[in-house]
Amino acid sequence: MGELRVNASELVDTYGREHRDLRVSLTDRCSLRCTYCMPADFSDWIANGSLLTTEELLTVIGVAVENGITQVRLTGGEPLLRRDIAHVIAGINALPNPPRISLTTNALRLAEVAQDLKDAGLQRVNVSLDTLSAERFKEMTHRDRFHDVIEGIKAAQEAGLTPVKVNSVLLKGINDHEAIPLLKHALANDWNLRFIEQMPLDAGDLWARPIMVTANDIQQELEREFTLTPVPTRGSAPAEEFYVDGGPATVGIIASVTRPFCSACDRLRLTADGQFRNCLFARDETDVRALMRSDLTDAQKREGIREILQTVTKAKLPGHGINDPNFVKPERPMSAIGG
Ligand code: SAM
Ligand code: SF4
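Keep in mind the model is a prediction, meaning the values are calculated, not measured.

Novice: Would you mind showing me how to read the packing of aromatic side chains here?
Specialist: In this description, a pair of aromatic rings is defined by centroid distance and the angle of the planes. Taken as a whole and judged by the stated rule, the model has three aromatic pairs. Here F281 and F327 contribute two aromatic rings whose centre-to-centre distance is 6.0 Å and whose plane-to-plane angle is 65 degrees, an arrangement assigned as edge-to-face. Of this pair, F281 sits in the loop between β11 (275–277) and β12 (286–287) while F327 sits in the loop between α9 (298–314) and α10 (334–337), placing them 46 residues apart in sequence. Here F327 falls in the partly exposed class, since its relative accessible area comes to 22%.

Novice: Looking at this structure, I do not really get the site of ligand 1. What am I missing?
Specialist: What surrounds ligand 1 is a group of 18 residues, the closest being Y36, G77, S128, M199 and M334. For ligand 1, a nitrogen atom lies 3.0 Å from a polar atom in the backbone of Y36. Between S128 and ligand 1, the recorded distance is 2.5 Å, taken from a side-chain N or O atom to an oxygen atom. Its free accessible area being 540 Å², ligand 1 has 95% of it covered by the protein chains. Of the residues contributing to the shell around ligand 1, the split by class is six nonpolar, 10 polar and two charged.

Novice: Would you take a moment to explain unusual backbone geometry for this structure?
Specialist: Among all residues except glycine, the phi angle is most often negative; among peptide bonds, the trans geometry is most common. Cis rather than trans, the peptide bond between T162 and P163 has omega equal to -5 degrees. Inspection of the secondary structure puts P163 in the loop between α5 (146–158) and β5 (165–169). The linkage connecting G247 with the following residue, P248, adopts the cis geometry, with an omega of 5 degrees. Structurally, P248 is set in the loop between β8 (240–244) and β9 (250–254). In this structure, D205 is a non-glycine residue whose phi angle is positive, near 60 degrees. The topology assignment puts D205 in the loop between β6 (192–196) and α7 (215–222). Under the relative-accessibility criterion, D205 is labelled exposed at 55%. Phi is positive for D245, close to 50 degrees, though the residue is something other than glycine. Mapping D245 onto the fold places it in the loop between β8 and β9. Judged by its relative accessible area of 47%, D245 is partly exposed.

Reading guide: rules and limits
- Residues numbered from 1 in each chain as written.
- Chains lettered and ligands numbered in written order.
- Predicted model: local features only at pLDDT ≥ 70, side-chain atom pairs only at ≥ 80, totals over all residues.
- Heavy atoms only, no water.
- Phe/Tyr/Trp six-rings, centres within 6.5 Å; stacked < 30°, edge-to-face > 60°.
- Helix = DSSP H or I, 4+ residues; strand = E, 2+ residues; numbered from the N terminus.
- Buried < 20%, exposed > 50% of the residue type's maximum accessible area, 1.4 Å probe, protein only.
- Near = heavy atom within 4 Å.
- Polar contact = N/O pair within 3.5 Å; in protein donor to acceptor, adjacent residues only side chain to side chain.
- Areas by Shrake-Rupley, 256 points an atom, 1.4 Å probe, with all protein chains shown as cover.
- Nonpolar A, V, L, I, M, F, W, Y, C, P; charged D, E, K, R; others polar.

In structure tokens:
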């Protein structure tokens, strides 16, 4: 791949934040049922006909890249359930001045596809794994697939999709005693571990502030065993990184609720059914699918996408507002928005 040329982003909001990162949900469906994400019997799926086709996706992403997006993260639901995932990645990689491409996955299919995805142009993966116990994995996800995840991570490393980032959500009384073992395992296996605070975005409405495990809780627990020193450069990254025992290994904590990082946010989102959002917690979405399926010419559609991107960016609020007393969570859950 050639060197990434960084043009000035045209996607600048009213607070001066330049948007560089587009999170693209490829499907809202999933092969797991993580309790903090969706109930075991969840069935409120987006209709198949409403999902953007691969051609539509590539057009929208192409216009976003022309306007300054330099990083595309594919997510879901579970993005590896999209059968033509390698084709999607190859298409993004074939765009003029292609962006960096990464993927957030539960890794159940990763062992099968890691090499193909790497060959198609994928650069990195984030894998979600909350426990080192196969039994607890089954309890937390309603599926007996722990070993598939471990094999998936190994395959990603062998394919050179490195460093593999592993994301863990800790739940009080369920897996919060695993912070130290998870970090020890991550250090021993070259995983780049990040803990994510549980957010009020689950379809089952289980989130409650008094029972969430906070970034402070996680930091204090890890400091019982390790010395954590803040890594000075953070930029727009959501994780606060810490050197573990002086480094070079690090651990990240994504404190979306208790220490929000909205002032440095450079992210826009495209849902699997073609809605642009300027924040995970936004209450508004702007439809690009109808535009793509209209009778307009290709040039008019591209201009329309550009205008939508600019409008959505300009409408971005300074922060997600979770900590405001009158906060109302978005209508759609994380799995439909794209995590
Ligand atoms: N299925 C893929 C996966 O699990 O990696 C991608 C989508 S998932 C929604 C993306 C990330 O969101 C995962 O790391 C998951 O742990 C996290 N997540 C889901 N629900 C969450 C919640 N309520 N609070 C915090 N993180 C959550
Ligand atoms: Fe699926 Fe990811 Fe949600 Fe778990 S967190 S249920 S793997 S979308």
